[in-house]
Every structure is written in C-alpha cells, then in structure tokens.
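What the coordinates show
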Amino acid sequence: MKKIVNQFGTKDLIKKDSGSLVQQELIKNQITIIPELETLIPPLLDDEYKQLEANILREGCREPLLVWETPASSVRNTDDNHSLFVLVDGHNRYRICSNHGINFRILLKEFPGLEEVRAYMIDNQLGRRNLTPEQTSYLRGQKYLSLKKDSGRPVGETAGKRTEEILAEQFNVSPKTIRTDAEFAKGLDKTSTDLKKEILSRKSKVNKGDIVKLADTPTSDQPIASVQELQEVLSKKKKPTKASQPQNELVRLKQLVGQLETGSSKATYQEIIDLAQSLLDKL
C-alpha cells in the first residue's frame, strides 16, 4: 500500500488494478473534470503547453493519467451512486490527447474523499519547479485553508504551533506570508475560472494586493469575469476607519508579548515582528 506523506503524517493511497483493455476504454470515455479541482492545476505558459503538445505528438502520452473512482454522491448533491471517474492529474495531457485523438493510459487511485484528493493535488503541484510566484502563493493559501477546515489539530502538529507557523517552516517563509497567501487564495476564488487562469499564468496583470483585498470585499454570487470588473468591485469597497483597522492585530500583538516571559519559539518572535511591521504600515 502506497501512502501520501506530508508534514502532518501519512494517509493511505491505494493503488488499484486499472482493469482490462475493454474496461480501460470504458473508463476513458467517462472521465469527469471537476472545475473545483481543475483550478488547483496551475495553467501552463503558452511555450510550456506547446512544448508538451509537441512531445506528445512525437512520442505519445507516456505517463498515465491519474483517475479517482468514486460514487457521484460524494462530489455532487445527488442521491445517484453510479461511479464517477474523476481526473486528478494529467489535465493538460488529457486535453492534448483528446484534441489530437491520441491514446493514453489511466491509473485508478482510491481516496477517502474529496478533501483528500484536494490535499494530494495541492502537495503534488507544490512539488513542481516551474510555478510562478502567484501559483505558489495560491497553492500555499489553499493548503492553509484546507488544513484550517479540519476539525481538531492536524496530525503531527506540535503543541503551541499554529497552522501558519508549521507551513511557514515547511516553505521557508514567514507566518504572515502564509496568512497573506490564504487571503490571496480566497480572493482569487471569487473570480471566474478563465480570469483565475489568466492571473495565475500572468496573462492578465493584476496587483496581488488587489486580490488580497478582494478576499473580504462583498461581491455578488456571480464570479468576477474581467480585470475591469475586479477594479470596479474594489473601488466600491469602503475603507475601514484608521481607529478600527488595526484592533485585531494589536490584540494579538499584546498576547504574544505577554507570552515572552514564559519562553517563546522563533516563530513567535517572527510573528511579533510581522504584526509590528503591519501596524506601522497602517499609521
């Protein structure tokens, strides 16, 4: 049995027999792409996509596509329990092979549920070397938000450490950076799939700070579809008063300073520095 290993422990990832050639063809014709999961796959730059396409046209699709077999009710609001074959990894290869009629192989994997699939995809993508800073920030933010959803303390977390401190150590950044990543991810998820891809691949030039502001900006139920619409939404946001703006950070700073007498970790000192700097920036 293969296991997913991360900083919080291990989770089982069972490798299954992908079946006969007939079964393979039936599954390939039923592959489902879930937009929520597809957004976790950073879009390739134009040159990268063209190079991958050229490689597949010349050599075929060498790596199997990763597919999760699950009842439809586990990912959709339905009582229908027929099997869905959800694409987990290989979205670009699948698109290229489908466009050119190129055969490909599949590999079935079992996961306990949708959240475990998300965690696997995020960790898998963060292992890539060619991510843009925006893609890295988005994935780190999604990882933080996923962990915060879990009830109780994540497996392997040491006493007194916050989720952002653990991730900060893992990615060699400050806890404040992880918290900003989470706001960036929440803001970006308010945009349409197409605009999100354009921002992550740097085809649309949008200030990262504007996306962070979008996280706590009221918006309609419809995702923001253009940069112009994004700017219009932000322009309507009322700025908080100077007196109320830093209150939460000030309370947290006082709590941390109070802990210094009992001994504190390096991460605690770093959070004090981050909060102090943030307060100074708002004066």
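Since the structure is predicted, the reported quantities are computational estimates derived from the model, not experimental observations.

This next bit is on the nonpolar core. In globular proteins that are soluble, nonpolar side chains generally tend to be buried together. In terms of nonpolar packing, the biggest core is built from 33 residues, with Leu37, Val88 and Met121 touching the most fellow members. Within the residue set of this core, elements represented by two or more residues are strand E4 (65-71), strand E5 (83-89), helix H5 (114-126), helix H6 (133-149), helix H8 (175-188), helix H9 (193-200), helix H10 (208-214) and helix H11 (227-235). The dominant element in this core, judged by the number of residues it contributes, is H5, at six residues. Not counting residues within four places of it along the chain, the set of residues in contact with Val88 comprises Ile41, Leu66, Val67, Trp68, Phe111, Val117, Tyr120 and Met121.

Further remarks concern H5. Here H5 is 13 residues long and its end C-alpha atoms lie 18 Å apart, about the 18 Å a rise of 1.5 Å per residue gives. Residues of H5 that are buried: Leu114, Val117, Arg118, Tyr120, Met121, Ile122, Gln125 and Leu126.

Time to look at the pairing of E5. Among the seven residues that make up E5, five are buried, leaving the element largely enclosed by the rest of the structure. Pairing of strand E3 (residues 31-32) with E5 involves two bridges; the strand directions are parallel. Each residue of the ladder has a partner; that of Thr32, found in E5, is Val86. Taken together, the six bridges between E4 and E5 define a ladder with antiparallel strand orientation. Paired with Val67 across the strands is Leu87, a residue of E5.

Here Asn172, not a glycine, exhibits a phi torsion of approximately 60°, which is positive. Relative to the elements of secondary structure, Asn172 occurs in the loop between helix H7 (163-171) and H8. Judged by relative accessible area, Asn172 falls into the exposed class, the value being 70%. Backbone geometry at Arg202 places phi at a positive 65°, although glycine is not the residue there.

With that settled, the discussion passes to the packing of H5 against H6. One way to put it is that H5 packs onto H6 with a least axis distance of 10 Å and a crossing angle of 150°. Put simply, H5 runs roughly antiparallel to H6. Crossing hand, H5 versus H6: left-handed. In contact with Glu115, Arg118, Ile122, Asp123, Gln125 and Leu126 of H5, H6 contributes Thr136, Leu139, Arg140, Gln142, Lys143, Ser146 and Lys149.

About the criteria used
Residues numbered from 1 in each chain as written. Predicted model: local features only at pLDDT ≥ 70, side-chain atom pairs only at ≥ 80, totals over all residues. Heavy atoms only, no water. Core = buried A, V, L, I, M, F, W, Y, C linked by side-chain atoms within 4.5 Å. Buried < 20%, exposed > 50% of the residue type's maximum accessible area, 1.4 Å probe, protein only. Helix = DSSP H or I, 4+ residues; strand = E, 2+ residues; numbered from the N terminus. Contact = heavy atoms within 4.5 Å. Expected span 1.5 Å × (residues − 1). Pairing = 2+ DSSP bridges. Axes fitted to C-alpha atoms, helices over the stretch in contact; angles between N-to-C directions. Parallel < 35°, antiparallel > 145°, perpendicular 65-115°, else oblique. Left-handed = near helix turned anticlockwise from the far one by under 90°.

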